[in-house]
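# Notes for the structure review
What follows is each chain in one-letter form.
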Amino acid sequence: MGRILNFIHEKSDGKFYCYKTRKFSLDTINNDNLNYDDKPISTFKKSVFAETDHSRKKTVSVADLLVSTKEYPIFKYFLDGSRRIYQVDDIGIGAKIFPIVAGQFVVGCCERRSRNEFKKTDLEYKIVLSLPEDFDDNDEGENFLRDYREQLNKEISTVEFIKERNIKLDKLLLYKTDGFELKDKDNCRNRAIAKIQAEMTDEEQRMVAKLCSKNKLHDEAFLIKDGSLEYNPRFSNLTELQWLALRSNYQHVVGVSKSFDPELLLDYEGDKLSRTIADLRPFERTKAYKYSTTDDINFAVWYLRLRRKEFRETHFSDIVKVEMVMLGNQLLDTDLINTISANLINEAYPVCYGADTRWANHLYPVFLTESFCKSHYMDNNIILNLF
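Residues numbered from 1 in each chain as written. Predicted model: local features only at pLDDT ≥ 70, side-chain atom pairs only at ≥ 80, totals over all residues. Heavy atoms only, no water.

### Structural notes on the overall build of the protein chain
Our working rule: Only DSSP runs of H or I with at least four residues qualify as helices, and only runs of E with at least two residues qualify as strands; both kinds are numbered from the N terminus onward. Our radius of gyration is a C-alpha quantity, and the globule rule it is checked against amounts to 2.2 Å times the number of residues to the power 0.38. Residue burial is assigned from relative accessible area. The probe radius is 1.4 Å, only protein chains are included, and a residue is buried under 20% of its type maximum, exposed over 50%, and partly exposed in between. In this description, contact between two residues means that some pair of their heavy atoms is separated by no more than 4.5 Å. Methods summary: accessible areas were calculated by the Shrake-Rupley approach with a probe of 1.4 Å, and residue burial reflects only the protein chains presented. When charges are tallied, Lys and Arg are placed among the positive residues and Asp and Glu among the negative ones, while His and the ends of the chain are skipped. To locate a charge, the coordinates of NZ of Lys, CZ of Arg, CG of Asp or CD of Glu are taken.
For the protein chain, the helix and strand inventory stands at 10 helices and 13 strands. Relative to the globule expectation of 21 Å for 387 residues, the C-alpha radius of gyration of the protein chain, 23 Å, shows essentially globular dimensions. Along the longest, intermediate and shortest principal axes, the C-alpha atoms of the protein chain span 70 × 50 × 40 Å. Put simply, the protein chain has 387 residues, and 53% of those count as buried. For the protein chain, long-range pairs separated by at least 24 residues make up 74% of all intrachain contacts whose partners lie at least 6 apart in sequence. Element-wise, carbon and sulfur atoms account for 47% of the exposed surface of the protein chain, whose accessible area totals about 18,600 Å². Side-chain charges of the protein chain comprise 58 positive and 62 negative groups, with the mean position of each set lying 2 Å from the other.

### Observations regarding helix α6 (residues 240-247)
Definition in use: Our arc is simply the arc of the directions from the helix axis toward the C-beta atoms.
Along α6, the residues classified as buried are W243, L246 and R247. Down the axis of α6, the sector holding all buried residues measures 100 degrees, keeping them to one side.

### Regarding a nonpolar patch on the surface
To be explicit about the condition: Patch definition: residues above 30% relative accessible area lacking any salt bridge, with like charges linked at up to 9 Å and the nonpolar side chains Val, Leu, Ile, Met, Phe, Trp and Tyr linked at up to 5 Å. Should a side-chain nitrogen of Lys or Arg be within 4 Å of a carboxyl oxygen of Asp or Glu, the pair is scored as a salt bridge.
A contiguous nonpolar surface patch, about 300 Å² in accessible area, is contributed by Y349, V351 and Y353. Mapped onto the fold, Y349 is located in the loop between α8 (334-347) and α9 (364-374).

### Let's talk about the nonpolar core
What counts here: Take the buried residues of types Ala, Val, Leu, Ile, Met, Phe, Trp, Tyr and Cys, join any two whose side-chain atoms come within 4.5 Å, and each joined set is a nonpolar core.
With 79 residues, the main nonpolar core has I8, L129, F135, Y303 and F387 as its most contacted residues. Apart from residues no more than four positions distant in its own chain, I8 is found in contact with F16, C18, I91, L129, F135, Y148 and L152.

### Some thoughts on the side chain of T177
Under the convention used in this document: Any pair of nitrogen or oxygen atoms within 3.5 Å is treated as a polar contact; in protein, a donor-acceptor pairing is required on top of that, and neighbouring residues in sequence qualify only through side-chain atoms on both sides.
Checked against the element boundaries, T177 lands in the loop between β7 (171-175) and α5 (185-213). Residue classification places T177 among the buried residues on the basis of a relative accessible area of 7%. A polar side-chain atom of T177 sits 2.6 Å from a polar atom in the side chain of D134. In contact with T177, not counting residues within four places along its chain, are F98, P132, E133, D134 and R191.

### Some remarks on the environment of Y72
Tracing the backbone shows Y72 in the loop between α2 (66-70) and β4 (75-93). Along the primary structure Y72 and N343 are separated by 271 residues, whereas in three dimensions their C-alpha atoms are 9.1 Å apart. Among the polar contacts made by the side chain of Y72, one reaches the side chain of E71 at a distance of 3.4 Å.

Interpretation note: all reported values are geometric properties and have no functional meaning in isolation.
Written out as structure tokens, the structure is:
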């Protein structure tokens, strides 16, 4: 048992018992089935347009804009978040046994200052630990978690290797255990993972907020966020007021997803959009449709084919899902959507062929940002040995 689990076990005065079970990465097994991007297909019979042009057509070509948008790209910032998850032990509390899940995550933002200058703007690296809510047996809340973490970090800093590298536990998270059954350990594990995922996505939103506070994002400096913008407040560690405040920063942010559910939406005629997406020609997009989440946040969603036919491996391998928040429920200007789409196609070149299995769906600066973030991971063995 590593320093952290020893500390938890010994400090509990017999209230908790750490079982010294095998530590392993959860990224290498199939138990992590959480999906934060696409939700079930819309319950509406027909989708409504999210753009100002309401002409009833399935697709729009932006090929004519590729040359004019190439010289002055509107995308200047690129953001990505990445995480690794580990089960480090089981903890006995009373008559129940719960999983202890650890994670390390990186959220990074890069800036393209010129054709030859691509640099880091911001980076957050954190190690977090997700424990059952029963761990806080006196319901002391954030003060208890903060004090406990400080004591724990003081304990592990006595190890020279840890002290030299300034390794510390950045946050303790508590996952819900209501409705727990002994046979339901996988569900508790998923809840623990969800807390870590939420902490990472909250950090992404905080990073966007920092850019906005410095007036970095505007009509000539958009940000591409790798993945969906559909952050769910139910999967957030922020308060409701904090969460709503951060969502107001997304006027100049575009979410681009490499993988998606093509049956998420129906088109304006009530047909599944998947056939239209699969039939997109090079440099075509679908119409932009309004998509509302359960928390009444509205998005403009459209799908865009990035490459010519000779690059295609499957019907969807070079298509991305594009999202923007509809602030104030206002329609997005169709000219803006076309300009964004043409810029996204230009960002797909050069290609990262061979460097990533999803190369056909990659935007090159996003690939660079993703690679930059992953280069800051700590070795899995170091993380596991902490515990």
